[in-house]
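Now for the letters of each chain:
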There are 2 protein chains.
Amino acid sequence: MKVTLENVLPGDIEKRSFAIIEGELRSRGVILPEDRAPLVKRVIHTSADFEYADTLCFSDGVIEKALAAIGAGASVITDTKMGYSGINKRVLEKYGGQAYCFMGDADVAEMAKKNGTTRAVAAVDKAAVMEGPLIFAVGNAPTALIRLYELITEGKLSPALVVGVPVGFVNVVQSKELIMETGVPYVVARGRKGGSNVAAAICNALLYMLDETRGM
Amino acid sequence: MKVTLENVLPGDIEKRSFAIIEGELRSRGVILPEDRAPLVKRVIHTSADFEYADTLCFSDGVIEKALAAIGAGASVITDTKMGYSGINKRVLEKYGGQAYCFMGDADVAEMAKKNGTTRAVAAVDKAAVMEGPLIFAVGNAPTALIRLYELITEGKLSPALVVGVPVGFVNVVQSKELIMETGVPYVVARGRKGGSNVAAAICNALLYMLDETRGM
């Protein structure tokens, strides 16, 4: 096979990628609502998987609410260090927010062992008592999403946003359906697919949209 | 929709997931070579994407060579902090290896600026002069893979393994084809798909296979 490289300057690779994604979405006949388009395109950019154009689900007005929460200095809690690593913390901190991952914390491991549950559940419990608007970005553990569902339906937690994109085979599909029943603002990737990379991409898309809105 | 959760103990979720993956592979008529099966299944586990059963490509004898390199204390160099975060460093360190990501280093940023290239290329150049067996795990930057191709074909670098799974739309497909022409041991996800999560999953699959082989 003769391999021919495309000549694109380093600084133009992302722009060129988004142009390719837009072209393919057009040729597939996909029309995205204007406010959601940057988010859907960024998830496809991070996964090269056009299925997300069909599977990403949004609660009413979620983009506006999410941008308001970030602008008010929301904390972003991830369920993996990978998700934490992928979030653009420089932009988040510009708006007064911080990113957290409690999965490696000793008190979380202890609580999980004591309660016979996953560390992901214990990490949600630890985050649930934090001050200020909370964004939960779940890219791995359906048990985290199920725990969020419990706390929300018991009236103990009211997150500003739930990014519900765990990946996998056991209770993943179900956990996403539960979150979409709660009435909290959500972005969910329906089905089995998702991941920490997808969770980070959704958070970053929101951060860049806020930058765009505010001309920063 | 009535949502019914599957009752699986936290410690059994991974085992149950792999059983589901094996069942679906069987029903799709996919037969995986025994030495590669744990790696392919772990990539599907991390992505919920069965396409990888078709797109993962392996050089001859790569599993055996990769396990030998890890057993000899190979360094694993990733092209993202997300990939670095996802690798099981506890197991890697047990065999004397370390994981590295040079993308955030000041000297890498400086070298990239000076040479008008990407930080990913500069990070490969920084890693290429390291001692001992080197495993490159590329989940993001095709430019990293292309730089590896150049160094290998110029006779300046002989990696123990290249995990070539960048994701994206510009030169991603091509960079993977180039690596498969070099003759170095490789695991490559042909096409556009891949990612830091996939790169980490492949490294972890190899680490767990070595544990299994050695009864650790």
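No experiment lies behind these values; they were computed from the predicted model shown. (Residues numbered from 1 in each chain as written. Chains lettered and ligands numbered in written order. Predicted model: local features only at pLDDT ≥ 70, side-chain atom pairs only at ≥ 80, totals over all residues. Heavy atoms only, no water.)

Peer 1: Looking at this structure, I do not really get the nonpolar core. What am I missing?
Peer 2: Leu39, Ile44, Leu56, Ile202 and Leu206 of chain B are the most contacted members of the largest nonpolar core, which totals 49 residues. At 11 residues, the largest contribution of residues to this core is made by helix H11 (residues 196–214) of chain B. Ignoring anything within four residues of it in the chain, the contact list for isoleucine 202 of chain B reads Leu39, Val43, Leu56, Val163, Val165 and Val187 of chain B. Ile21, Ala53, Ile202 and Ala205 of chain A belong to the second-largest nonpolar core, a separate cluster that totals 48 residues. (Core = buried A, V, L, I, M, F, W, Y, C linked by side-chain atoms within 4.5 Å. Buried < 20%, exposed > 50% of the residue type's maximum accessible area, 1.4 Å probe, protein only. Helix = DSSP H or I, 4+ residues; strand = E, 2+ residues; numbered from the N terminus. Contact = heavy atoms within 4.5 Å.)

Peer 1: Could you clarify how one ought to interpret the pattern of salt bridges in this entry?
Peer 2: Side chains that differ in charge, positive against negative, can pair when their charged atoms come close. As enumerated under the stated definition, the model contains 30 salt bridges over all chains in all. One continuous salt-bridge network, built from bridges that share partners, spans Asp49, Glu51 and Lys193 of chain A together with Asp49, Glu51 and Lys193 of chain B. (Salt bridge = Lys/Arg side-chain N within 4 Å of Asp/Glu carboxyl O.)

Peer 1: Mind showing me how you'd approach the packing of aromatic side chains here?
Peer 2: Aromatic ring pairs are described here by two measures, namely the spacing of the ring centres and the angle between the planes. Residue and element names in this part refer to chain B. Tallied over the full model, the rule gives four aromatic pairs over all chains. The interplanar angle of 35° and the centroid separation of 5.7 Å between the aromatic rings of tyrosine 100 and phenylalanine 102 together place this pair among those described as tilted. Accessibility expressed as a relative area gives 27% for tyrosine 100, which makes it partly exposed. Here phenylalanine 102 falls in the buried class, since its relative accessible area comes to 11%. The ring of phenylalanine 50 has arginine 28 lying over it, and the distance from NZ or CZ to the ring centre is 4.3 Å. The ring of tyrosine 84 has lysine 89 sitting right over it, with the charged end atom 4.4 Å from the ring centre. (Phe/Tyr/Trp six-rings, centres within 6.5 Å; stacked < 30°, edge-to-face > 60°. Lys NZ or Arg CZ within 6 Å of the ring centre and 35° of its normal.)

Peer 1: I would appreciate a short explanation of helix H8 (residues 119–128) of chain A in the present structure.
Peer 2: Counting along an α-helix, one turn takes 3.6 residues, and residues three or four places apart therefore face a common direction. Residue and element names in this part refer to chain A. The buried fraction of H8 amounts to seven of the 10 residues, a majority that puts the element mostly inside the structure. Three or more residues of H8 are buried, namely Ala120, Val121, Ala122, Ala123, Val124, Ala127 and Ala128. In the core, the buried residues of H8 are packed alongside strand S2 (75–78), helix H7 (106–115), strand S4 (134–138) and helix H9 (142–153).

Peer 1: Please clarify how the environment of glutamate 177 of chain B should be interpreted in this entry.
Peer 2: Residue and element names in this part refer to chain B. On the secondary structure map, glutamate 177 appears in helix H10 (residues 172–180). Residue classification places glutamate 177 among the buried residues on the basis of a relative accessible area of 10%. The spatial distance from the C-alpha of glutamate 177 to the C-alpha of proline 166 is 12 Å, given a sequence separation of 11 residues.

Peer 1: When you look at the sheet that holds S2 of chain A in this model, what are you seeing that I'm missing?
Peer 2: Hydrogen bonds along the backbone pair up the strands of a sheet, which may run parallel or antiparallel. Residue and element names in this part refer to chain A. Judged by pairing direction, the sheet is mixed, and its six strands sit side by side in the order S1-S6-S5-S4-S2-S3 without closing on themselves. Only two strands of the sheet have a single partner each, and these edge strands are strand S1 (56–58) and strand S3 (99–101). Averaged over all pairs of adjacent strands, the angle between strand axes in this sheet comes to 15°, irrespective of strand direction. As defined by bridge partners, S2 adjoins S3 across three bridges and the pair is classed as parallel. Opposite valine 76, over in S3, you have alanine 99 as the bridge partner. Running over the sheet, helix H10 (residues 172–181) touches S1, strand S5 (161–164) and strand S6 (186–189) and is turned about 155° from S6. (Pairing = 2+ DSSP bridges. Axes fitted to C-alpha atoms, helices over the stretch in contact; angles between N-to-C directions.)

As far as function goes, none of this settles anything; it's purely spatial.
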